[in-house]
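# What the coordinates show
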Amino acid sequence: MNTNHLTDENIQDIALKNLKEEQLPMHIKECTECKASLKAYQVMMNSMNEIRPESFSFDVSELVMQRIKVAEPESSSVWVYVLASALIIFVTGVLLFFMPVLKPFFELFHSPDSMYNLFVAVTSLCVFAFLMQDVLRQYKQKEKLLLQ
Amino acid sequence: MNNDSQSFSDKILVEKVLSGNTQAFAIIVKQTERLVAQIVRKMITNEEDQKDLVQEIYLKVYQRINTFRFQSKLSTWIGSIAYHTSINYLEKKKIPLYDIDALHENTFVQHDNAEKKLFRNETSNILNSEINKLPPIYKTLISLYHIEELPNKEIAEITGLPEGTVKSYLYRARKILKENIESNFKDQLI
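All residue numbers refer to positions counted from 1 along the written sequence of the respective chain. Chains carry letters and ligands carry numbers; both start at the beginning, A for chains and 1 for ligands, and go up in the order they are written. Per-residue local features are limited, in this predicted model, to residues with pLDDT of at least 70; the limit for side-chain atom pairs, both in listing and counting, is 80 or more; totals at the level of whole chains, interfaces and linings are taken over all residues.

Once that is clear, we can look at helix α7 (residues 136-147) of chain B. Residues and elements named next belong to chain B. What counts as a helix is a DSSP run of H or I of at least four residues, what counts as a strand is a run of E of at least two, and both are numbered from the N terminus. Under the convention used throughout, the expected extent of a helix is 1.5 Å for every residue step, that is, one less than its residue count. Look at α7: 16 Å from first C-alpha to last across twelve residues, which is about the 16 Å you get at 1.5 Å a residue. Neighbour counting defines burial: a residue surrounded by 20 or more other C-beta atoms within 10 Å of its own C-beta is buried, one with 12 or fewer is exposed, and intermediate counts give partly exposed, using backbone-placed C-beta atoms. Where burial is concerned, most of α7 is hidden: twelve out of the twelve residues are buried. Those residues of α7 that fall on the buried side of the exposure criterion are Pro 136, Ile 137, Tyr 138, Lys 139, Thr 140, Leu 141, Ile 142, Ser 143, Leu 144, Tyr 145, His 146 and Ile 147. Directly beyond the C-terminal end of α7, a positive phi value near 55° is found at Glu 149.

Set out below in structure tokens:
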């Protein structure tokens, strides 16, 4: 008898193939040790097929869809653009309409000195950029909190 | 469902989700719930944590669905997100993923209870309880291969492990299972 036993991996491969008795390698047929090991694997693998698949004890769809609706992006970005355009048109219209009243206010910041004008413009832009950056940071923080 | 029709169905669902149809996403959740359960429940036992993780997994899927390139089945991609999210959770909790020594300690601690149980349990229940004592990675691989009946290639895609490693972990897991069952339940099973 061939005493070179099959490796455990070989025996598992044979068990996975579910071979019939006549298809088994000669060694398995003759070696009680390997045959017993094969039988154990076959019993185990057949029993695995009978194990019921895992399932959650809660309603996954309900749980997930609630969360998805919170995180759902705006349904249509087209409406956002339409609203933004309408707002810009409205603000421009208001500014043009009230320009005669606002003119003295703008003249307060207007100077013949171009360096002074440049300074005012750059400072305004810096303050605006700082505010926008702060708004963006707050928005991201809130988004992160919502998605946690 | 064959691969082509599966891929077609995946494409339609993904396109619908991307155009803002949340009902299509609900279908994806229904279709993949079993696979996600197989992964999450094998790794995490606490129900509240399972709830949190399931939400986190599907939220990631929803947010990243625009990055899905149809290089695998949608279910495989979702399975991969479920697997890695669960692994991250276990790592955060410092739960060993492959620790065989912990497994043996665990086996002996539970041995008395298991012996009492075996008289009223069936073979598959005993086997299932033994599978649940395996380290997280091993029990997930065993359930994906033997219960979900996924091929090694798909398990490799889900776990990100090389196919050879998946095969070798499966051999090791089955060997441990067989040895544990033989030592604990020999008379009843074989």
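Read on, since the account is not over.
Taken together, the contact between chain B and chain A spans 35 residues of the former and 31 residues of the latter. Listed by contribution, the elements that provide at least two residues to the side of chain B that touches chain A are α2 (22-43), α3 (47-64), α6 (123-132), α7 and α9 (163-189) of chain B. Ranked by residues supplied to the side of chain B that touches chain A, first place goes to α2(B) with eleven residues. All residues other than Ala, Val, Leu, Ile, Met, Phe, Trp, Tyr, Cys, Pro, Asp, Glu, Lys and Arg, Gly among them, are scored as polar; the first ten of these are nonpolar and the last four charged. Looking at the side of chain B that touches chain A residue by residue, the class counts come to 15 nonpolar, nine polar and eleven charged. Contact criterion: two residues are in contact if their C-beta atoms, reconstructed from the backbone, are within 7 Å.

Another aspect to go through is the packing of α3(B) against helix α4 (residues 74-92) of chain B. Residue and element names in this part refer to chain B. Structural elements are reduced to axes, namely lines fitted to C-alpha atoms, with helices fitted over the stretch in contact, and the angle between N-to-C directions of any two is expressed from 0 to 180 degrees. For the pair α3 and α4, the least separation of the axes is 9 Å and the interaxial angle reads 135°. One way to sum up the angle between α3 and α4 is to call them oblique. Judged by the twist between their axes, the crossing of α3 over α4 is right-handed. Each of Leu 53, Glu 56, Ile 57, Lys 60 and Val 61 in α3 lies in contact with α4, whose residues at this interface are Ile 78, Ile 81, Ala 82, Thr 85, Ser 86 and Tyr 89. Roughly parallel refers to an angle under 35 degrees, roughly antiparallel to one over 145, roughly perpendicular to one between 65 and 115, and oblique to any angle outside these ranges. Note on convention: near helix rotated counterclockwise from far helix by under a right angle means a left-handed crossing. Clockwise means right-handed.

Take the environment of B:Ile137 next. Residues and elements named next belong to chain B. In this structure, Ile 137 sits in helix α7. Overall, the presence of 22 C-beta atoms within 10 Å leaves Ile 137 in the buried class. Along the sequence, Ile 137 and Ile 39 sit 98 residues apart, while their C-alpha atoms lie 9.4 Å from each other. In this view, Ile 137 contacts Leu 97, Tyr 98 and Tyr 169; residues no more than four positions away in its chain are not counted.

This part covers the nonpolar core. Only buried residues count toward a nonpolar core: Ala, Val, Leu, Ile, Met, Phe, Trp, Tyr and Cys, linked into one set through C-beta atoms within 7 Å. Formed by 56 residues in total, the largest nonpolar core has its most connected members in B:Val36, B:Val40, B:Leu141 and B:Ala173. Here the element with the most residues in this core is α2(B); it accounts for nine residues.

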